[in-house]
Amino acid sequence: MHSKDQISHEDYQRTADWLLSQTQHRPKVAIICGSGLGMLADALQCQDSFKYSDIPGFPQSTVQGHAGRLVFGELRGKTCVCMQGRFHMYEGHSLCKVTFPLRVFKLLGVDTLIVTNAAGSLADSYNCGDIMIIRDHINFPGFAGLNPLIGPNDEKFGPRFPPMSGVYDKDLRKLAFDICKSMGVSQYVQEGVYCMVGGPNFETIAEARLLHKLGVDAVGMSTAPEVVVASHCGMRVFGLSLITNKVVKSYQDFEKVNHEAVLEVSKMRSETLQKLVTELVSRMDINNNTA
Ligand SMILES: O=P(O)(O)O[C@@H]1C[C@H](O)[C@@H](CO)O1
Ligand SMILES: Nc1nc2[nH]cnc2c(=O)[nH]1
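Computed from a predicted structure; not experimentally measured.

Procedures and definitions
- Residues numbered from 1 in each chain as written.
- Chains lettered and ligands numbered in written order.
- Predicted model: local features only at pLDDT ≥ 70, side-chain atom pairs only at ≥ 80, totals over all residues.
- Heavy atoms only, no water.
- Helix = DSSP H or I, 4+ residues; strand = E, 2+ residues; numbered from the N terminus.
- Buried < 20%, exposed > 50% of the residue type's maximum accessible area, 1.4 Å probe, protein only.
- Lys, Arg positive; Asp, Glu negative; His and termini not counted.
- Salt bridge = Lys/Arg side-chain N within 4 Å of Asp/Glu carboxyl O.
- Polar contact = N/O pair within 3.5 Å; in protein donor to acceptor, adjacent residues only side chain to side chain.
- Contact = heavy atoms within 4.5 Å.
- UniProt positions renumbered as here; feature names shortened; annotations may be inferred.
- Core = buried A, V, L, I, M, F, W, Y, C linked by side-chain atoms within 4.5 Å.
- pLDDT = per-residue confidence, 0-100.

What follows is about unusual backbone geometry. Cis peptide bonds are those with omega within 30 degrees of zero, and the linkage from G199 to P200 qualifies with 5°. In this fold, P200 is placed in the loop between strand 7 (189-196) and helix 6 (205-213). Of note in this structure, C46 is not a glycine but carries a positive phi near 50°. Relative to the assigned elements, C46 resides in strand 2 (residues 45-51). Exposure remark for C46: the relative accessible area of 58% places this residue in the exposed category. Positive phi outside glycine occurs at T223, with the angle close to 75°.

On to the environment of A118, then. Structurally, A118 is set in strand 5 (residues 112-121). Along the primary structure A118 and G239 are separated by 121 residues, whereas in three dimensions their C-alpha atoms are 11 Å apart.

A few words now on the side chain of E74. For E74, the position within the fold is in strand 3 (residues 69-75). Within the buried core, E74 has no salt-bridge partner, and the shortest N-O distance to an opposite charge, that of K78, equals 9.8 Å. Looking at E74, its side chain comes within polar contact range of the side chain of T79, at 3.0 Å. Once residues within four sequence positions are removed from consideration, E74 is found in contact with H25, A43, L44, Q45 and T79.

Let us look at the UniProt feature "binding site: a purine D-ribonucleoside" (unreviewed entry) in the protein chain. In this numbering, the UniProt entry assigns the feature "binding site: a purine D-ribonucleoside" (unreviewed entry) to E203 and N245. For the residues just named, distributed over 43 residues, the greatest C-alpha separation is only 11.9 Å, placing them together at one site. Within the secondary structure layout, E203 lies in the loop between strand 7 and helix 6. Beyond its immediate chain neighbours, meaning those up to four positions away, E203 contacts V197, A208, L211, V219 and V247. Note on placement: N245 falls in strand 9 (residues 236-246). N245 gets classed as buried once you look at its relative accessible area, which sits at 11%. Aside from chain neighbours lying at most four places away, what touches N245 is A119, G120, S121, C128, V257 and V262.

For the rest of this paragraph, the subject is the nonpolar core. By size, the foremost hydrophobic cluster in this structure holds 48 residues, and its most contacted members are L19, L70, F105 and L113. Ignoring sequence-local partners within four residues, the contact set of L70 consists of L19, D48, S49, F50, Y52, I55, F58, V81, C82, M83 and F105. Formed by 34 residues, the second largest nonpolar core is a distinct cluster that contains I131, L172, A176 and V277.

Caution applies to low-pLDDT regions: their predicted coordinates should not be interpreted in detail. Here the protein chain shows a mean pLDDT of 94. Residues at 70 or above account for 97%. For this predicted complex, the interface confidence score (ipTM) comes to 0.98, while the overall pTM stands at 0.96.

Structure below.
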């Protein structure tokens, strides 16, 4: 890692202090909106919102379907901060930049992360439009040394060697399933393993077959770095993938995925996802995580 990529504790603190001076909201929950899922922020009441370009130290979002706004507000009386737009490695951001907001959120007092993404499915039983509750992830770039925790460890945030087993909170996953049942949508809710690849190209057929053999249920280009950093600093994590396409695994299949189709499917499930996240926030206990 180059020294220009290093972000000091003071840098995170400066951004957190600026935000604290601009809003009365004191969020306990952070929500990251995946591609086309920015409408999750629309449910927030009493909003204060900030363009990323106006926030000192914040990276800029360059992908279509990622508005580039940080929205503070209340969801059924619980204070949240919502990223309408995230940062991806393939945009050219270092992983420190990709995950910069997470440490700022920690300094704001956030203790729970809800992360969402658009993903392609490898699992044969999944369909387009399914919602996958993330049970676990594979951080493929991490295998190649692309990990946001590489470099000097900041003990104020967390330990040098953090565990990652059980990173997606079991109780929140169960609660989400119960909510889906009561919403009558469990027929298209799955639980599975998300794999992050670097992107920006979608998978070749051979790559898709490899991921399938490895036990990957859904593949995308985000989430793992954010979850690693959130977990490192003691946040509880819950994740959702919206299955926007089935990854092509056969040489006989001539279908080709594209970003516009991904955004289209995101729109189709926006209401359900908004309801699910609202219910989840409203029913989660935000005080039991003191890590
Ligand atoms: O931000 P997410 O992970 O939801 O975005 C996915 C992965 C790519 O950025 C994009 C491809 O359509 O959607
Ligand atoms: N890598 C990857 N990311 C996605 N995001 C949405 N769909 C896909 C996909 O099929 N592959």
